[in-house]
Amino acid sequence: MSAENGDRGLQGKLSRWLRGRRPEQAAADDGGREALLLAAASAGLPLAPAAHPAPGYRCSCDRVGCPTPAQHPVSFAWQTQSTTDRGQIERWARNQPQANFITATGMVHDVLDVPLEAGREALDRLLEAGVEVGPVAERDDGRLLFFTLTRGTPEDEDEWWPCELDCHPETMDEHPGLRWHCRGSYVLVPPARLPGDDQGVRWVRGPEHPLPDPLSLLEVLTDSGARHAGEDSDHPHAAWPLRR
């Protein structure tokens, strides 16, 4: 095989993962998935292995009635396990070729998680206004994930400022609109697969984009979310009062 044909083959693998599609043979993946994971780690996103889809819309964890199939870490120690270490991520990716990966929020970055249509509108508005938007991922189950700097994990616990938008894995059903993943939460990092045919998580804007301040995005995201929910412009989330 020529070097040119080899490069084209790798680009084809990357394209399939970016579309959120599972390769024909996971074991034959020659680096596309791994390259995307390492790119996320290089951008400072701490990663840990997660479950993956199993036949029949089940989860690889085999838990009966798993509430978040293919979307949760495989270890209860995921917060301390999460890492950006290249060697460790390579070992995980190669030893667990079907595994999804999560990234732990509240360490280096947070994630503002919004309904897809509201998120697309907000992204267009932010880019048109010249606002620096960081990495953005799209989930085929109808969510858009905006990756931002974390709002902090200070040494003095009393200095941490909570927000009613805070979302943890066990409370996501309580936040159908905007969710703020911060301390103690996580999201799937692309490339990831969801239960269902060709369902996945992929980058819309890759991790090479610098992480922005979350407050620079929040007003536009909440405003778009409120309008798409059929709520008027003076909804209390449209300019959420966040302060220490």
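Scroll up for the structure.
Within each chain, residue numbers correspond to sequence positions counted from 1 in written order. Where totals are concerned, whole chains, interfaces and linings use all residues; where local detail is concerned, this predicted model gives features only for residues with pLDDT of at least 70, and gives and counts side-chain atom pairs only at 80 or more. Side-chain numbers come from the whole structure's heavy atoms, not from hydrogens or water.

> Kindly report on the state of the cysteines, identifying the contributing residues and their values.
In this description, the term disulfide denotes a pair of cysteine sulfurs within 2.5 Å. Across all of its chains, the model carries zero disulfides by this definition. This cysteine, Cys59, is not joined by any disulfide, and Cys61 carries the nearest cysteine sulfur, 3.5 Å off. Burial classification: accessible surface area is computed with a 1.4 Å probe over protein chains only, and a residue below 20% of its type maximum counts as buried, one above 50% as exposed, and the rest as partly exposed. Cys59 gets classed as buried once you look at its relative accessible area, which sits at 5%. No disulfide involves Cys66; its sulfur sits 3.9 Å from that of Cys61, the nearest cysteine. For Cys66, a relative accessible area of 13% translates into the label buried.

> Can you explain the pattern of salt bridges? Please cite residues and give values.
Every case where a carboxyl oxygen of Asp or Glu lies within 4 Å of a side-chain nitrogen of Lys or Arg is listed as a salt bridge. Evaluation of the coordinates by the stated rule reveals 14 salt bridges. With a closest N to O distance of 3.2 Å, Glu90 and Arg86 form a salt bridge. Separated by four residues within a single helix, Glu90 and Arg86 lie in helix α4 (residues 86–95), roughly one turn from each other. On the accessibility criterion, Glu90 (18% relative accessible area) is buried. Where Arg139 meets Asp141, a salt bridge forms, and the shortest distance between an N and an O atom there is 2.6 Å. A relative accessible area of 43% places Asp141 in the partly exposed class. Each of Glu117, Arg120, Glu138, Asp140 and Arg202 takes part in one network of salt bridges that share partners. Starting at the N terminus, helices and strands are each numbered in turn, a helix being any DSSP run of H or I of at least four residues and a strand any DSSP run of E of at least two.

> Give me the lowdown on the packing of helix α2 (residues 32–42) against α4, citing residues and values where you can.
Orientation of α2 relative to α4, taken along the N-to-C sense of each, is 150°, at an axis distance of 10 Å. Taken together, the axis directions place α2 and α4 in an arrangement best described as roughly antiparallel. Crossing of α2 against α4: the hand is right-handed. Contact with α2, carried on its side by Arg33, Glu34, Leu37, Leu38 and Ala41, involves Arg86, Ile89, Glu90, Ala93 and Arg94 of α4 and no other residues of that element. Structural elements are reduced to axes, namely lines fitted to C-alpha atoms, with helices fitted over the stretch in contact, and the angle between N-to-C directions of any two is expressed from 0 to 180 degrees. With respect to orientation, any angle under 35 degrees is reported as roughly parallel, any angle over 145 as roughly antiparallel, any angle of 65 to 115 as roughly perpendicular, and every other angle as oblique. Crossing handedness: left-handed means the near helix sits turned counterclockwise from the far one by under a right angle, and right-handed means the same turn made clockwise. We call two residues contacting when some pair of their heavy atoms lies within 4.5 Å.

> Describe the packing of aromatic side chains, listing the residues and the values that go with them.
Ring geometry is summarised as follows: Phe, Tyr and Trp rings, the Trp one being its six-membered ring, pair when their centres sit within 6.5 Å, and such pairs are stacked at plane angles under 30 degrees, edge-to-face over 60 and tilted between the two. For the structure shown, the criterion picks out three aromatic pairs. When the ring of Trp78 is compared with that of Tyr186, the centres are 4.9 Å apart and the planes differ by 80°; the resulting orientation is edge-to-face. Of this pair, Trp78 sits in helix α3 (residues 78–81) while Tyr186 sits in strand β10 (residues 186–188); the two residues are 108 residues apart in sequence, bridging distant segments of the chain. Accessibility assignment for this pair places Trp78 and Tyr186 in one class, buried. Pairing Trp92 with Phe101 gives two aromatic rings, centres 6.4 Å apart and planes at 50°, and the pair type is tilted.

Functional significance is not addressed by these values, which are geometric in nature.
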